Amino acid sequence: MGRALLAAAALCACTARPLGLLTPRALPVRACPPRAALSPPSLSVVMKFGGSSVADASRIREVCLLVQNQLAQGVRAHLVCSAMGKTTNNLLDASARALHSGEVDLSAVRSLHEATIEALELEGTAHAHEIRQLLAECERTLSGVAMLRELSARSRDLIVSYGERLSGRMVAAQLVASGVEARQYESWDLGVITNSDYGEASVLDESWPVIKERVLAIPPGVVAVITGFIGKDATGRVTTLGRGGSDLTASLIAAAAGFDEAQVWKDVDGILTADPRVCPSARPVPQVSFEEAAELAYFGAQVLHPVAMQPARRVNMPVRVKNSYNPSAAGTLITQAGSATRCDVTAITSKTGVQMVDITSTRMLGAHGFLARTFEAFAKHAISVDTIASSEVSVSLTLNRNLALPRKDRNEAPEATALDALVRELSAFAEVHTSDGHTIITLIANVEKSSSVMAQVFSVMSEHGIQVEMLSQGASKVNISLVVPEARGVDAIKALHAHFFEMCERTDA
């Protein structure tokens, strides 16, 4: 009788807690059962967990307890999981060894997953059997690469796909062991069909109605654990979705199925006002727009890739960024409406190691076609631009530093680079000066106060003796980017963060 009363008390205590206030570490090992049977779901979400969130057995336990906590509060949740820890990198390394030395070595991947099976006590389960089958399949694929000494983009996608497929089964197995009715689903079984652009595949529009039909057909009470980052093309070949692919899968599934929101669980407390490694006082931004989040991501913030937000933006579905290590933190909500902050600046981000190119026409003032010819050259050499400032006869712009690397895959001299080839072509009609060692600092700002923000930026830079080498405002009008010497980049970020956010705090107080 006493045990029954204790059990009932524990259940009541669990269900009474507000969503997100109980951290996984505070939960008992025997988590509360889902409340799906007690009341209809109040919220439908897709929860995406990154590689660091499911890095090992301990993290998988805590993620599963976090999921159980949400289920106990009436939330209907499906999951998308990235590959465990550094599994994707280890698979790529194994591919390279098979190609270049004929060695088939999957030991790093195998040892992690075998250790996790043992730690989670999953030995003998159907999921453990499937995990070992997938490991064997991956080794056979690597053996083919080693034998042929050939690794196509299609084969690389197939090898890399095993990371997410292994991870999903591991998480599903732990959920089942914890008393949750969970099933592992391959993304293509739920309708994720892509084009055949291996390594950077795009999801086809015709996938949307199929995804909706199949996701909504999942039985009530069942938690689907869906492989992120991958799909299949029309011929049935496995493809990967490129950078941010698992986030894209979560956003796509939730948007197509008409869910309330997608939750992207990371190892940070959301989108921050600045990089906390540079500004320890950086704090989470409560809410930003899709446009603001995309600008932040493009200019250095690595929380959410812009492509991942496209499905959500298409149907105006919120995306919430949360911390799986600190689930009580409110995180950041990304919506169409955007930031409601009273500060002039929402967040600051940066890119280092930036190349700058100054191009000045050698012909008469206003010579027809100068800008057109300049950008035709950039397109020809497949070089994209970060920021730009232009006049009728001159252009200053910044490039990513990886453009200075040798292009080994092209029929050019080994020392040739994309930038070298571009400069040669531009020099036929312009004076070209290139330099490296720059930092782009981007401020996401209130468009109505952009003039005031720029005035404050120059004031701060002047006060600290930092030269602004270039200034650019994007067409979106939500970002202001300035280029400074890389040696002063950290000083500039700290000074700007202190000025805008400490001043805002004093005003609010």
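Treat the numbers as computed from the prediction; the structure is a model and nothing was measured. (Residues numbered from 1 in each chain as written. Predicted model: local features only at pLDDT ≥ 70, side-chain atom pairs only at ≥ 80, totals over all residues. Heavy atoms only, no water.)

(A) Highlighting the sheet that holds strand 11 (residues 332-335). Strand order across the open sheet formed by eight strands is 3-5-2-1-8-10-11-9, with mixed pairing between neighbours. Each edge of the sheet is formed by a strand with only one pairing partner; in this case those strands are strand 3 (182-185) and strand 9 (287-289). The average undirected angle you get between the axes of adjacent strands in this sheet is 25°. For strand 1 (residues 43-49) and strand 2 (residues 75-81), the ladder comprises seven bridges, and the chain directions are parallel. Residue pairing in the sheet places methionine 47 in a bridge with leucine 79 of strand 2. Running over the sheet, helix 9 (residues 290-298) touches strand 9, strand 10 (319-323) and strand 11 and is turned about 90° from strand 9. (Pairing = 2+ DSSP bridges. Helix = DSSP H or I, 4+ residues; strand = E, 2+ residues; numbered from the N terminus. Axes fitted to C-alpha atoms, helices over the stretch in contact; angles between N-to-C directions. Contact = heavy atoms within 4.5 Å.)

(B) Structural detail: the packing of aromatic side chains. The full count for this structure, using the stated rule, is three aromatic pairs. Note on phenylalanine 370 and phenylalanine 429: the rings are 6.3 Å apart at their centroids and 75° apart in plane angle, and the pair reads as edge-to-face. Taken together, the residues span a long stretch of sequence, with phenylalanine 370 in helix 11 (residues 370-380) and phenylalanine 429 in the loop between helix 12 (418-426) and strand 15 (430-445) at a distance of 59 residues. For arginine 59, the ring lying beneath its charged end belongs to tyrosine 325, and the centroid distance is 3.7 Å. For the cation-ring pair, arginine 314 lies above tryptophan 208, with the distance from its terminal atom to the ring centre recorded as 3.9 Å. (Phe/Tyr/Trp six-rings, centres within 6.5 Å; stacked < 30°, edge-to-face > 60°. Lys NZ or Arg CZ within 6 Å of the ring centre and 35° of its normal.)

(C) Examining empty space enclosed by the protein more closely. Scanning the entire structure with this criterion turns up three cavities of 30 Å³ or more. The volume enclosed by the second largest cavity comes to roughly 50 Å³. Along the walls of the second largest cavity sit Ile271, Ala293, Leu296, Ala297, Ala301, Gln302, Val303, Leu304 and Met309, which together make up its complete lining. When its residues are assigned to classes, the lining of the second largest cavity shows eight nonpolar, one polar and no charged. (1 Å grid on protein atoms, 1.4 Å probe; cavity = no way out; pocket = protein on both sides within 12 Å on 5 of 7 lines; lining within 4 Å. Points joined across faces, edges and corners; volume = space filled by probe spheres on them. Nonpolar A, V, L, I, M, F, W, Y, C, P; charged D, E, K, R; others polar.)

(D) Spatial organisation of the environment of leucine 443. With respect to the helices, strands and loops of the structure, leucine 443 is situated in strand 15. Taking the C-alpha atoms as reference, leucine 443 lies 9.0 Å from valine 453; in sequence the two are 10 residues apart. Apart from residues lying up to four places away in sequence, leucine 443 is in contact with Val345, Ala347, Ile348, Val453, Val457, Val478, Asn479, Ile480, Leu482, Leu496 and Phe500.

(E) Broad picture of the side chain of serine 82. By the element assignment, serine 82 lies in the loop between strand 2 and helix 3 (87-101). Polar contacts involving the side chain of serine 82 include one to the side chain of serine 246, which spans 3.3 Å. The residues touching serine 82, leaving out its near neighbours within four places in the chain, are Lys48, Phe49, Gly50, Gly51, Val54, Glu164, Ser167 and Ser246. (Polar contact = N/O pair within 3.5 Å; in protein donor to acceptor, adjacent residues only side chain to side chain.)

(F) Broad picture of the environment of aspartate 267. Tracing the sequence through the fold places aspartate 267 in the loop between strand 8 (261-266) and strand 9. For aspartate 267, a relative accessible area of 43% puts it in the partly exposed group. Along the backbone, aspartate 267 and asparagine 326 are 59 residues apart, and their C-alpha atoms lie at a distance of 8.1 Å. At 3.3 Å, the side chain of aspartate 267 forms a polar contact with the side chain of serine 52. (Buried < 20%, exposed > 50% of the residue type's maximum accessible area, 1.4 Å probe, protein only.)

(G) Spotlight on the packing of helix 3 against helix 5 (residues 126-148). Contact geometry for helix 3 and helix 5: axes closest at 7 Å, N-to-C directions at 35°. Seen along the crossing, helix 3 lies across helix 5 with a hand that is right-handed. Touching Leu91, Ala94, Ser95, Ala98 and Leu99 of helix 3 are Cys138, Leu142, Val145 and Ala146, all from helix 5. By residue class, the composition of the contact of helix 3 with helix 5 is eight nonpolar, one polar and no charged. (Left-handed = near helix turned anticlockwise from the far one by under 90°.)

(H) Examining the confidence of the model for the protein more closely. Looking at the protein as a whole, the pLDDT averages 86, with 84% of positions reaching at least 70. Across residues 1-39, where pLDDT falls below 50, the model places 48 contacts with residues more than four positions away in sequence or in other chains. Confidence drops under a pLDDT of 50 for residues 404-415, and excluding neighbours within four residues, the segment shows 18 contacts in the predicted structure. (pLDDT = per-residue confidence, 0-100.)

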